[in-house]
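Fold and geometry: a report
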Amino acid sequence: MNYTIGKLYIRTEEVEEFRTYTSDKYLCDTLEPTWRDYEHGACKVKGKSAIPEGRYAVVISYSPRFKEWLPILLGVPMFSGIRIHAGNTAKDTQGCILVGRNQIVGKVLDSRKWLYELKQKIAKAKDKGKPVWITIK
């Protein structure tokens, strides 16, 4: 298989009477290149490897390649320029993460819609001064 399908959840926090509650709500599916077991000696293949498991800060910055503002992951070991962007198949990822709905084997659909939704949620968190993280597992 030349792709990895995942699920993207949004963690929200609610404060109620001095208690903080967190919950994870499913937003959409993700598509990345092939997952590789780096911990057991697998080698990265440029543009064809899923990023390693971990927790990474996410910001939105301008992408000269895509000519739009897109989320980017920071501090990914062995990787740089990992964006979350629109696309449908592993060929479209070029090493990045695609968002959409996995309704056809090996593809995500409605990618632009889900990218817009994700960017809105990130912007809302940033407007409130909250950091945004993505955890890959």
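Residues numbered from 1 in each chain as written. Predicted model: local features only at pLDDT ≥ 70, side-chain atom pairs only at ≥ 80, totals over all residues. Heavy atoms only, no water.

Examining the sheet that holds strand β3 (residues 54-63)
Strand order in the open sheet made by the 3 strands is β4-β3-β8, with antiparallel pairing throughout. Edge positions in the sheet fall to β4 (68-74) and β8 (133-136), since each has one partner strand and no second. The sheet shows a mean angle of 40 degrees between the axes of neighbouring strands, direction not considered. Relative to β8, β3 runs antiparallel, the two sharing 4 bridges. Each bridged residue has a counterpart across the sheet, and for Gly54 the counterpart in β8 is Ile136. Each of β3 and β4 is contacted by helix α2 (residues 111-127), which is oriented at about 70 degrees to β4, the strand it contacts most. (Pairing = 2+ DSSP bridges. Helix = DSSP H or I, 4+ residues; strand = E, 2+ residues; numbered from the N terminus. Axes fitted to C-alpha atoms, helices over the stretch in contact; angles between N-to-C directions. Contact = heavy atoms within 4.5 Å.)

Focus: the pattern of salt bridges
In the structure shown here, the tally under the stated rule is 3 salt bridges. Here Asp29 makes a salt bridge to Lys7, at a shortest N to O gap of 3.3 Å. With Asp29 in strand β2 (residues 19-32) and Lys7 in strand β1 (residues 4-16), this residue pair connects regions lying 22 residues apart in the sequence. Looking at Asp29, the relative accessible area reads 5%, which means it is buried. Among the ionic pairs, Arg11 bridges to Asp24, the shortest N-O distance being 2.7 Å. Highlighted residues: Arg11 in strand β1 and Asp24 in strand β2, separated in sequence by 13 residues. (Salt bridge = Lys/Arg side-chain N within 4 Å of Asp/Glu carboxyl O. Buried < 20%, exposed > 50% of the residue type's maximum accessible area, 1.4 Å probe, protein only.)

Digging into unusual backbone geometry
Of note in this structure, Lys67 is not a glycine but carries a positive phi near 55 degrees. Mapped onto the secondary structure, Lys67 falls in the loop between β3 and β4. Given the relative accessible area of 62%, Lys67 is considered exposed. Of note, the phi angle at Gln94 is positive, near 50 degrees, even though the residue is not glycine. Examined against the element boundaries, Gln94 turns out to sit in the loop between α1 (90-93) and β6 (97-104). When its relative accessible area of 47% is taken as the criterion, Gln94 is described as partly exposed.

Considering the packing of aromatic side chains
Inspection of every chain in the model, using the stated rule, returns 2 aromatic pairs. Centre to centre, the rings of Tyr9 and Tyr26 are 5.9 Å apart; their planes meet at 70 degrees, and the pair counts as edge-to-face. A residue pair is termed long-range when its members are at least 10 positions apart, and Tyr9 in strand β1 and Tyr26 in strand β2 qualify at 17 residues. Take Tyr26: its relative accessible area is 28%, and that puts it in the partly exposed class. Geometrically, the ring pair formed by Tyr62 and Trp69 is edge-to-face, given 5.8 Å between the ring centres and 65 degrees between the ring planes. Under the relative-accessibility criterion, Tyr62 is labelled partly exposed at 39%. Geometry around Trp133 places Arg55 over its ring, the cationic atom sitting 4.1 Å from the centre. (Phe/Tyr/Trp six-rings, centres within 6.5 Å; stacked < 30°, edge-to-face > 60°. Lys NZ or Arg CZ within 6 Å of the ring centre and 35° of its normal.)

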